[in-house]
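Reading the structure
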Amino acid sequence: QTEIQWWHSMTAVNNEWVTDLARQFNESQKEYKVVPTFKGAYDESMTAAIAAFRSGNAPHILQVFEVGTATMMASKGATVPVAKVMQDAGADFDPKAYIPAVAAYYTAPNGQMLSFPFNSSTTIFYYNKDAFKKAGLNPDKAPATWPEVFEAAKKLKASGHSCPMTLAWNGWTQLESFSAWHNVEFATEKNGLSANGHKARMKINSPLHVRHIDNLAKAAKAGEYLYKGRGSAAQASFTAGECAMIQTSSGFYGDVAKNAKFAYGLAPMPYYPDVKGAPQNTVIGGASLWVMAGKKPEEYKGVAKFFEFLSQTKVQAASHQRTGYLPITMGAYELTDKSGFYAKHPGTDVAVNQMVRKVTDNSRGIRLGNYVQIRTIEDEEMEQVWAGKKTAKEALDAIVSRGNELLARFERSYKQ
Ligand SMILES: O=P(O)(O)OC[C@H](O)CO
């Protein structure tokens, strides 16, 4: 039996999900065995894999968050394009089956799909209906705009709720998705997606960005927004019932469905109603699967077989329903719809509806070099704002100048 190592970053219910996928594949045939291993959070597993690649111990498959995509694309020689892996193995694989926003994100300017779309997500809004009821808010109507969110937070606070609102993945939900949703530029060169994407520079200190981060700073000061840490850290405070509203990944749904001991609602991201063109669409997050270089032909065949298994519409539909990650193909969406899943679980189609809209250059997606490090800068600077040590404008200006230094470094080292 040929072993295929798969490094990933899935925890809790999503960890059970990837373990099940590997088990189902292993039981479906005898030649290959996929071995999933949790290697820490997304940024940690990526760093671990780069180090392992240098010492010749990389896994065959690496799950990389969207943030690392431009860096992986530029690491020619460290990875094998998924299109090539599938073609060499004569595998049944149609990149066109994928939702365009998903496929385009993982495709090189020359049209070759570089990584395998796996757990694509987008940002959505979750709220605790029981807490809303207690605060005299309509539990069946989520706040649709930012002014309504701040108003709801005030009422929750007045009703004695200790944490009206929290936010996970601050850079992703409040800067990246926020920009696309309001159809404002996040970075030049079509947010890094143009053929000259390596020349992109950040633009997130616009008046709208400043106004929004300033509003959040005021809510933080009033105890209406509580910062709960980087990445997905804030999510646990929602499922525990501590925080009544959260903005985070659609891939948090499986956790909420299993662990929330209260009535909850899923709703679209809020927007500023005075911004022309809002709401636009949200961008993809989550991760894709990269195939690492330097492995044996037989092993690549196994990788292709596993990806063929994952490409089945029924497998994709089941994954989407279980986790809340997007149905990455139209087929998986249609199968889910036909099964009555969306009707039975209201709100589970919010993520899809936010994504399948006509995109603009501001909303197609965000793909920047050295972005793993830039996300950390965003966290550092916004933490200064939540702590009252910097104004929104100072922090956003600092993100732009510090981020642009890293983007300039990426541009200098970039090889076509
Ligand atoms: O929680 P995930 O897997 O949807 O990932 C969230 C963000 O996209 C990570 O950058």
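Please read all numbers here as calculations on a predicted model, not as lab measurements.

**Regarding the pattern of salt bridges**
- Per the counting criterion, the structure on display carries 21 salt bridges.
- A salt bridge links Glu383 to Arg230, with the shortest nitrogen-to-oxygen separation between them at 2.8 Å. Placement of Glu383 in helix H18 (residues 371–386) and of Arg230 in the loop between helix H10 (207–221) and helix H11 (235–239) is noted, with a sequence separation of 153 residues between them.
- Under the relative-accessibility criterion, Arg230 is labelled partly exposed at 38%.
- Measuring nitrogen to oxygen at the nearest pair gives 2.9 Å for the salt bridge that ties Arg364 to Asp361.
- On the basis of relative accessible area, Asp361 is assigned to the partly exposed category, the value being 35%.
- Because the salt bridges share partners, they merge into one network encompassing Asp20, Arg23, Glu27 and Arg322.

**Quick look at the domain arrangement of the protein chain**
- Assigned domains of the protein chain: these are domain 1 (2–121 + 285–338) and domain 2 (123–282 + 367–413).
- Taken over C-alpha atoms, the centre of domain 1 sits 27 Å from the centre of domain 2.
- Contact residues are listed per partner, giving 27 residues for domain 1 and 20 residues for domain 2.
- Overall, the association of domain 1 and domain 2 removes approximately 1,600 Å² of surface from exposure, summing both partners, and the carbon and sulfur fraction of that is 61%.
- It is Val13, Val67 and Ala70 that lose the most area in domain 1 upon contact with domain 2, and together they represent 29% of the buried surface on that side.
- Taken together, the links from domain 1 to domain 2 amount to two salt bridges.
- Between Glu66 and Arg375 there is a salt bridge, with the nearest N and O atoms lying 3.2 Å from each other.
- Across the domain 1-domain 2 interface, the total number found is six residue pairs in polar contact (both at pLDDT 80 or more).
- Elements supplying a minimum of two residues to the side of domain 1 that touches domain 2: helix H1 (12–28), helix H2 (42–54), helix H3 (69–74), helix H5 (100–105) and helix H14 (313–323).

The rules behind these values
- Starting afresh in each chain, residues are numbered from 1 along the sequence in its written order.
- Per-residue local features are limited, in this predicted model, to residues with pLDDT of at least 70; the limit for side-chain atom pairs, both in listing and counting, is 80 or more; totals at the level of whole chains, interfaces and linings are taken over all residues.
- Excluding hydrogens and water, the side-chain values take into account all heavy atoms of the structure.
- Here a salt bridge means any side-chain nitrogen of Lys or Arg lying within 4 Å of a carboxyl oxygen belonging to Asp or Glu.
- Here a helix means four or more residues in a row that DSSP labels H or I, a strand means two or more in a row labelled E, and each is numbered from the N terminus.
- Exposed residues in this analysis have more than 50% of their type's maximum accessible area, buried residues have under 20%, and partly exposed residues fall in between, with area computed by a 1.4 Å probe over protein chains only.
- Residue ranges assigned to the domains are those given by an automatic or database domain assignment.
- Here, residues are in contact when the closest pair of their heavy atoms is within 4.5 Å.
- Buried area, as used here, totals the accessible surface that two parts lose on assembly, with accessibility defined by a 1.4 Å probe and the loss added over both.
- Contacts described as polar in this section are N or O atom pairs within 3.5 Å, which, within protein, must combine one atom able to donate a hydrogen with one able to accept it, while residues neighboring in sequence count only if both atoms come from side chains.

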